[in-house]
Amino acid sequence: MKRGGRNWRGGGTKGPQELTKRGRLWLNDSSCIRLRAEHRSHVWSYDFVADRIEDGRKIRLLVVIDEFTRECLAIEVARPFTARQVVEVLRYLFAVRGAPKHIRSDNDPEFVAKELNKWLKQANVQTLFIAPGSPWENGYVESFNGKLRNELLNGELFLRLAEARWMIDRWRLDYNHHRLHSALDYQTPAAFAARCSSSVRPTASLQKTTGPMNPDSLT
């Protein structure tokens with residue numbers, strides 16, 4: 001049951017612990033399936049997460065991440081989402097961050113819509129669609145979504161849409177600026193992204209590995 005109180009990041013308490021670990025699909029050489037990000041803005045992923053506010057009405061969260069830096073670039077919250085709204089979110093991100101080379105998604109109607117794909121083609125961004133019914137092929141954003149749900153959505157009852165937007169973006173900023181990642185040499189996503197932007201070439205675990213990898217290092 002969700003709680004109405006605001007304990008997360010309020011009195012120094014931690015968010016709810018992750019309840020289960022998700023399985024991921026790995027190749028024989030221990031690399032993540034399909035195209036693997038090799039630099040900042042090489043591959044972005046986006047996906048929808050569903051939730052409800054206090055009056056029972058559904059809301060949808062459009063999550064966008066950079067697979068290389070592990071940054072959450074946006075979590076846009078709305079009730080219905082159209083392909084045009086997705087375009088507007090991406091238009092803003094492309095303006096402030098530059099366009100990625102590729103963007104990975106499932107086959108939700110908004111992502112396969114002609115309007116969105118025409119716009120992405122004009123922006124010179126290649127789409128990467130996962131196989132239907134195979135969310136593990138979008139492992140980075142699925143792993144992120146699991147943390148978002150376990151640490152925030154499962155424990156908070158949003159009274160209004162505006163409150164949901166504020167709380168969710170607060171969590172996103174905390175994730176980017178305070179969450180240390182083993183895959184980033186124990187840096188935060190924001191710090192690692194700044195290092196990439198300063199032209200220092202990162203190495204370590206972000207290149208395709210030939211030895212065993214911890215699946216939890218996805219995020």
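If you're wondering where the values come from, they're calculated on a predicted model, not measured in any experiment.

As for the overall build of the protein
Part 1 of the reasoning: Secondary structure assignment for the protein yields six helices and five strands.
Part 2 of the reasoning: Within the protein, contacts between residues separated by at least 24 positions form 66% of all contacts whose residues are at least 6 apart in sequence.
Part 3 of the reasoning: Surface summary for the protein: the accessible area is close to 11,100 Å², and the carbon and sulfur share equals 53%.

Some remarks on the packing of aromatic side chains
We describe a pair of aromatic rings using the distance from one ring centre to the other and the angle between the two ring planes.
Part 1 of the reasoning: This structure, assessed with the given rule, holds nine aromatic pairs.
Part 2 of the reasoning: Taking 5.2 Å as the distance between ring centres and 55° as the angle between the ring planes, the aromatic pair formed by Phe-48 and Phe-81 counts as tilted. Highlighted residues: Phe-48 in strand β1 (residues 43–52) and Phe-81 in the loop between β3 (72–78) and α1 (83–97), separated in sequence by 33 residues.
Part 3 of the reasoning: Overall, the relative accessible area of 10% leaves Phe-48 in the buried class.
Part 4 of the reasoning: Between the aromatic rings of Phe-94 and Trp-119, the centroid separation amounts to 5.1 Å while the plane-to-plane angle is 20°, which identifies the pairing as stacked. On the criterion of sequence distance, the pair formed by Phe-94 in helix α1 and Trp-119 in helix α3 (residues 114–122) is long-range, its members being 25 residues apart. Exposure class is identical for Phe-94 and Trp-119. Each is buried.

Concerning the confidence of the model for the protein
Part 1 of the reasoning: Confidence in the prediction of the protein, expressed as mean pLDDT, is 82, and 74% of residues score 70 or more.
Part 2 of the reasoning: In the predicted structure, residues 5–14 sits below a pLDDT of 50 and forms 19 contacts with residues beyond four places in sequence or in another chain.
Part 3 of the reasoning: Low pLDDT (under 50) marks residues 199–217, which in the prediction has 43 contacts with non-local residues, meaning those over four places away or in another chain.

Regarding the layout of surface pockets
Part 1 of the reasoning: The volume enclosed by the second largest pocket comes to roughly 290 Å³.
Part 2 of the reasoning: In terms of lining residues, the second largest pocket is bounded by 19 residues, among which Cys-72, Leu-73, Ala-74, Asp-169 and Arg-172 are the most central.
Part 3 of the reasoning: Counting only elements with at least two residues in the lining of the second largest pocket, the list comes to β3, α1 and α5 (161–178).
Part 4 of the reasoning: Across the lining of the second largest pocket, the residue classes break down as eleven nonpolar, two polar and six charged.

Concerning the sheet that holds strand β5 (residues 126–129)
Part 1 of the reasoning: Spatially, the five strands line up as an open sheet ordered β3-β2-β1-β4-β5, and their pairing is mixed. One side of each edge strand has no neighbouring strand; the edge strands of this open sheet are β3 and β5. Mean inter-strand twist for the sheet, computed between neighbouring axes without regard to direction, equals 25°.
Part 2 of the reasoning: As defined by bridge partners, β1 adjoins strand β4 (residues 102–105) across three bridges and the pair is classed as parallel.

Calculation notes
Residues numbered from 1 in each chain as written. Predicted model: local features only at pLDDT ≥ 70, side-chain atom pairs only at ≥ 80, totals over all residues. Heavy atoms only, no water. Helix = DSSP H or I, 4+ residues; strand = E, 2+ residues; numbered from the N terminus. Contact = heavy atoms within 4.5 Å. Areas by Shrake-Rupley, 256 points an atom, 1.4 Å probe, with all protein chains shown as cover. Phe/Tyr/Trp six-rings, centres within 6.5 Å; stacked < 30°, edge-to-face > 60°. Buried < 20%, exposed > 50% of the residue type's maximum accessible area, 1.4 Å probe, protein only. pLDDT = per-residue confidence, 0-100. 1 Å grid on protein atoms, 1.4 Å probe; cavity = no way out; pocket = protein on both sides within 12 Å on 5 of 7 lines; lining within 4 Å. Points joined across faces, edges and corners; volume = space filled by probe spheres on them. Nonpolar A, V, L, I, M, F, W, Y, C, P; charged D, E, K, R; others polar. Pairing = 2+ DSSP bridges. Axes fitted to C-alpha atoms, helices over the stretch in contact; angles between N-to-C directions.

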